[in-house]
Amino acid sequence: MPEKKSFYGWKLVGVLFLLDFINMGFPYYGGTIINSYMIHDIVMKRSTLGLGFTILNLFVGIAAIFVAMAIVKFGIRKTFLIGSSIICISALFLGFVASKPLHYLIAFGVVNGTGMSFATLVPCATGVTRWFRRYRGAMMGLTLSASGISGFFLPPLLDKMLREGGGNWHVGWRIVAGAMVVSGLIAFFFVRESPESMGQTVDGLPEEQQEQPSRTDALATKHEWTAGEALGTSAYWLVAIAGIAATFPYFLFIAHWVEHLTGVGITPAKASLGISLLTGGTLGGRWLGGLLMDYLNARLVFVLGASLYFISSYLAFTSNAEALKLAYVASALQGIAYGWTYSCTNTMVGHYYGRKAYPKLSGMYIFLTSAVASPAGLVGGMIFDRYGSYAKSFELDGALAIIAILAILFAAMPTPRETVPVGVAEPQVA
């Protein structure tokens with residue numbers, strides 16, 4: 001008898017984790033460090049520097065629509081390769097040519113943001129959704145936690161390399177280009193499209209076990225929705241609203257948390273630890289939120305995670321140099337809340353609508369959350385300019401958490417019309 005192949009899905013999760021680590025960590029978190037050296041060479045206002053990140057977040061969202069189309073037409077592996085190539089081109093331009101603020105805005109913001117969209121969130125989440133059902137939440141959380149780990153480890157490593165290299169930021173972007181070659185090779189050799197492409201089944205379970213009732217049946221649909229059908233349900237848009245409301249506070253914190261902490265008397269060195277805890281907190285949040293999605297009702301899990309925003313916002317409001325530990329707790333809880341809710345919403349789309357429609361639905365979701373939440377840094381700055389503090393920003397975070405919770409409470413898993421038993425008449429409308 002031929003030897004039974006081990007389930008490739010477990011290996012694929014490791015591959016997707018590594019791709020998200022490289023493709024998000026080097027051009028985004030690494031780019032943060034590289035750009036801090038760049039502004040000493042290319043003279044620009046801090047607002048211009050921040051504008052580059054706003055453009056990047058915006059184009060991550062805009063490109064997500066095209067990423068979904070690429071996945072459907074070309075597959076996950078080729079989509080990753082397209083993304084790595086785009087980032088590589090951007091990094092090479094920044095590493096050899098860039099000399100003006102406009103070069104930075106276009107290469108880092110537009111091109112780099114587009115490449116990251118092709119090489120990270122949507123293809124990673126689609127891969128997990130195609131290969132897993134019973135373990136989808138846990139594997140989604142594990143895969144998407146890679147970006148948090150890269151954000152924790154890569155910045156200090158790149159900073160050390162650039163300092164020892166005399167602060168040559170061009171070299172930093174050349175390192176990013178090299179990392180993209182590595183990620184492209186990993187995608188080419190190790191990414192697989194679906195269990196069916198390898199003669200395997202979802203979750204690695206035999207066909208007879210696929211049809212047996214399980215706890216997942218109450219959490220995830222077995223019906224394969226079309227994208228059009230899914231977009232016609234209120235649940236999808238409510239999940240998107242909840243995702244936007246849960247993303248905005250994190251984007252605001254990323255942009256202004258260090259400034260707030262230093263503004264209340266905390267030293268820059270200690271404030272930087274707050275950012276590390278904020279980024280690191282997303283790790284535990286994404287993993288824990290994803291894991292709970294495999295056992296509890298999706299809406300309950302989301303509410304638990306979003307509720308952490310209330311605690312974080314209150315502690316942020318009261319933070320000062322004499323209560324440094326509470327400021328650190330606020331940092332970690334903000335990251336946990338974002339990571340938790342992010343895993344929940346991405347998994348919910350797969351749970352509610354199945355594998356077939358997921359790429360298009362995920363692309364639209366990333367577009368909506370990234371595009372609508374991208375002005376968060378600008379809004380936080382405008383609030384500070386008007387009131388002289390970030391207190392109103394933290395109040396806004398709490399209000400958005402309420403909106404997210406209310407939206408998700410009404411986002412029950414939709415029932416497809418095909419599941420209505422034959423012979424059961426639908427109620428007539430007078």
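What you see is a predicted model, and the numbers here were worked out from it, not measured in a lab.

(A) Inspection of the state of the cysteines at higher detail. Under the criterion given, the structure shown has zero disulfides. With no disulfide of its own, Cys124 lies closest to Cys344 among cysteine sulfurs, the gap being 18 Å.

(B) Representation of a nonpolar patch on the surface. Together, Phe310, Ile311, Ile402, Leu406, Leu409 and Phe410 make up a nonpolar patch on the protein surface, roughly 590 Å² of accessible area in all. Contributing elements (two or more residues each) for the nonpolar patch: helix 13 (298-318) and helix 17 (391-409). Ranked by residues supplied to the nonpolar patch, first place goes to helix 17 with three residues. Here Ile311 lies in helix 13.

(C) Structural context of the environment of Gln334. With respect to the helices, strands and loops of the structure, Gln334 is situated in helix 14 (residues 324-353). In this structure the C-alpha to C-alpha distance between Gln334 and Leu219, which are 115 residues apart in sequence, comes to 27 Å. In contact with Gln334, other than residues within four places in its own chain, are Pro249, Tyr250, Phe253, Leu278, Tyr309, Ser312 and Asp397.

(D) Representation of unusual backbone geometry in the model. Look at Asp203: it is not a glycine, yet its phi comes out positive at around 65°. With respect to the helices and strands, Asp203 occurs in the loop between helix 8 (169-190) and helix 9 (207-210).

(E) Representation of the pattern of salt bridges within the structure. In total, this model carries four salt bridges according to the counting rule given. Ionic pairing is found between Arg130 and Glu193, a salt bridge with its closest N-O pair at 3.3 Å. Of the two residues, Arg130 sits in helix 5 (residues 121-131) while Glu193 sits in the loop between helix 8 and helix 9, which places them 63 residues apart along the sequence. What makes Arg130 buried here is its relative accessible area of 17%. The residue Glu395 makes a salt bridge to Lys392 at a minimum N-O spacing of 3.7 Å. One end of the pair is Glu395 and the other is Lys392, both in helix 17 and three residues apart, which spans about a single turn. Residue class for Glu395 comes out partly exposed when judged on its relative accessible area of 43%.

(F) Representation of the side chain of Arg130 within the structure. Of note is the side chain of Arg130, whose polar atom sits 3.3 Å from the side chain of Glu193. Ignoring sequence-local partners within four residues, the contact set of Arg130 consists of Ile71, Ile76, Glu193, Pro195, Val202, Arg355 and Pro359.

(G) Expanded view of the packing of helix 1 (residues 8-38) against helix 6 (residues 136-144). The N-to-C vectors of helix 1 and helix 6 enclose an angle of 30°; their axes lie 8 Å apart at closest approach. The angle between the axes of helix 1 and helix 6 places the two elements in the roughly parallel class. Where helix 1 approaches helix 6, its residues Trp10, Val13, Leu16, Phe17 and Asp20 are matched on the opposing element by Met139, Leu142, Thr143 and Leu144. By residue class, the composition of the contact of helix 1 with helix 6 is seven nonpolar, one polar and one charged.

(H) Representation of helix 5. Taken across its 11 residues, helix 5 has 11 buried, putting it largely inside the fold. When we look at burial in helix 5, the residues that qualify are Leu121, Val122, Pro123, Cys124, Ala125, Thr126, Gly127, Val128, Thr129, Arg130 and Trp131.

(I) Spotlight on the packing of aromatic side chains. Taken as a whole, this structure holds 22 aromatic pairs when the rule is applied. Taking 6.3 Å as the distance between ring centres and 65° as the angle between the ring planes, the aromatic pair formed by Tyr236 and Tyr353 counts as edge-to-face. Highlighted residues: Tyr236 in helix 11 (residues 234-263) and Tyr353 in helix 14, separated in sequence by 117 residues. By relative accessible area, which is 2% here, Tyr236 ends up buried. Classification of Tyr353 by relative accessible area gives buried; the value is 1%. Among the aromatic residues, those joined into a cluster by ring pairs are Phe7, Tyr8, Trp10, Trp131, Phe132 and Tyr135. Positioned above the aromatic ring of Phe188, the side-chain terminus of Arg77 is 5.6 Å from the ring centre.

Reading guide: rules and limits
- Residues numbered from 1 in each chain as written.
- Predicted model: local features only at pLDDT ≥ 70, side-chain atom pairs only at ≥ 80, totals over all residues.
- Heavy atoms only, no water.
- Disulfide = S-S within 2.5 Å.
- Patch = residues over 30% accessible without salt bridge, like charges linked within 9 Å, V, L, I, M, F, W, Y side chains within 5 Å.
- Areas by Shrake-Rupley, 256 points an atom, 1.4 Å probe, with all protein chains shown as cover.
- Salt bridge = Lys/Arg side-chain N within 4 Å of Asp/Glu carboxyl O.
- Helix = DSSP H or I, 4+ residues; strand = E, 2+ residues; numbered from the N terminus.
- Contact = heavy atoms within 4.5 Å.
- Buried < 20%, exposed > 50% of the residue type's maximum accessible area, 1.4 Å probe, protein only.
- Polar contact = N/O pair within 3.5 Å; in protein donor to acceptor, adjacent residues only side chain to side chain.
- Axes fitted to C-alpha atoms, helices over the stretch in contact; angles between N-to-C directions.
- Parallel < 35°, antiparallel > 145°, perpendicular 65-115°, else oblique.
- Nonpolar A, V, L, I, M, F, W, Y, C, P; charged D, E, K, R; others polar.
- Phe/Tyr/Trp six-rings, centres within 6.5 Å; stacked < 30°, edge-to-face > 60°.
- Lys NZ or Arg CZ within 6 Å of the ring centre and 35° of its normal.

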